[in-house]
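Here is how the chains run, residue by residue.
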Amino acid sequence: MKTNLMKRLPLGTSSFAKLRGVGQIYVDKTDKVYDLASQVGNFFLARPRRFGKSLLISTFESLFKYGLRDFEGLKISKLWKDEKKYQVVRLDFSEIKNFSSIQKFNAELDSLLIGNFSSVGFSYTESKTILCSTQISTWLKTLPSCSLVLLIDEYDAPLSACLDEPKLFEKVRQKLSEFYSVIKANDAAFRFLFITGLTTFNKMTVFSDLNNLSDISLSPVFGSLLGYTHEEVQDYFSEYLSCASKKLGIEKEKLFKELTEHYDGFCFEETAKQKVFAPWSLLHFFFAPERGLKDYWLEGPGKPTVIVKFLNSHALRRAEDYDGGKSIALSTLSEPSDIENLSDVELLTQTGYLTLKRIQGTTVYVGYPNLEVRAAVAQLYQEQTLKEKLVDGTR
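Residues numbered from 1 in each chain as written. Predicted model: local features only at pLDDT ≥ 70, side-chain atom pairs only at ≥ 80, totals over all residues. Heavy atoms only, no water.

**Student:** Account for the pairing of strand 4 (residues 190-197), naming residues and giving values.
**Tutor:** Within strand 4, eight of the eight residues are buried, leaving the element largely enclosed by the surrounding structure. When strand 1 (residues 41-46) meets strand 4, the two strands line up parallel, connected through six bridges. Bridge pairing in strand 4 places Phe44 opposite Ile195. (Buried < 20%, exposed > 50% of the residue type's maximum accessible area, 1.4 Å probe, protein only. Helix = DSSP H or I, 4+ residues; strand = E, 2+ residues; numbered from the N terminus. Pairing = 2+ DSSP bridges.)

So, in structure tokens, the structure goes:
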């Protein structure tokens, strides 16, 4: 494929400024970015991994720090009128997931907070009596109103890391709750707060004090904020579709149908109407179409930590058992069960292995989004079965 003749694929790029700077394809969703960023508010969005949450965080970071510097020619360039530049703190909680004690977690959390808040003027004083979060709270109170933007990526990563250790989990949860209490207590300082995560089942307890947070995870308005719609794929990746069609000897329309069956079908909004492609899988196909329609869902970093930890103490059904369309209450997607009572269907839906198919009243019917993910669940089941046999000493 003569990729040098086409705009480069944004494969694995999570920096918006880098993506724009090197001329990679950017599927323009900045009208939706504007809808959020133009408000003075606090927002939460849950999406499966590899759907572009970090790139979205980076997009907000660029907009608030540098204005329209990186947005030339995009939809938001005609909408954004705020000429002010803001101080931006970006926290990536996926950096804190290798700890074995609450002491180790506290030290890593403090290091993350000090390092990132120091970049915008916070000065930490070593103290055995005054907590880091307390010092941040004192500093926030000195800031002008609406002068700071806070962006938090993968809020649930530390919790997922100790999901199978209840006592440690509770201590980590309490420590994170203390931090969010500081954010709520100093709400006047913040122009914009945006938080992403893989799941929502920890949201209610962790954000219990941050009760001014708007959860847009199920919003129809933002159902396609992450992921690619059919129209976007055909528009932005038309040349790649044509090249793949020629390379595989398949008509373009037939190829698109096969891509839809393999990588499309994800639905995140409560009307169950808007479906999107998984960007990670589709981009990998376009990068090497000669490989055919491979399953990329479990490639790379592998299974999400929350799935691994959950399967340490819970059983997974056979892949075909989820085919019939399982049902859950709509309320469990925004206010899901606590960890002890979390079902496999709830967790698989939260993490994208199952997706919304239809809504009937207050009941959601879920199923596999596509063939690729169905194969991934079959693989998870096989791995779990093999592990159980080895533990039992049988083969």
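**Student:** Break down helix 11 (residues 252-263) for me, citing the residues and quoting the values.
**Tutor:** Here helix 11 is twelve residues long and its end C-alpha atoms lie 16 Å apart, about the 16 Å a rise of 1.5 Å per residue gives. Those residues of helix 11 that fall on the buried side of the exposure criterion are Leu255, Phe256, Leu259, His262 and Tyr263. The buried residues of helix 11 occupy an angular sector of 130° when the element is viewed end-on, so they sit on one face. What points out from helix 11, more than 90 degrees from its buried face, is the exposed set Glu253 and Lys257. Positioned one or two residues after helix 11, Gly265 has a phi angle of 95°, which is positive. (Expected span 1.5 Å × (residues − 1). Arc of directions from axis to C-beta.)

**Student:** Explain the packing of aromatic side chains to me, using residue names and the numbers behind them.
**Tutor:** Under the criterion given, the structure shown has 30 aromatic pairs. For the ring pair Phe237 and Phe286, a centre distance of 5.5 Å and an interplane angle of 20° mean the geometry is stacked. Here Phe237 is found in the loop between helix 9 (230-236) and helix 10 (238-248), whereas its partner Phe286 is found in helix 12 (residues 279-287), with 49 residues between them in sequence. Residue Phe237 is classed as buried on the basis of its relative accessible area, which comes to 0%. The buried category is assigned to Phe286, whose relative accessible area is 0%. Pairwise contacts between aromatic rings join Tyr34, Phe43, Phe60, Phe64, Trp80, Tyr86, Phe192 and Phe194 into one cluster. Its guanidinium or amino end placed over the ring of Tyr66, Arg69 lies 3.8 Å from that ring's centre, counting from NZ or CZ. Taking the ring centre of Tyr365 as reference, the NZ or CZ of Arg358 above it sits at 3.9 Å. (Phe/Tyr/Trp six-rings, centres within 6.5 Å; stacked < 30°, edge-to-face > 60°. Lys NZ or Arg CZ within 6 Å of the ring centre and 35° of its normal.)

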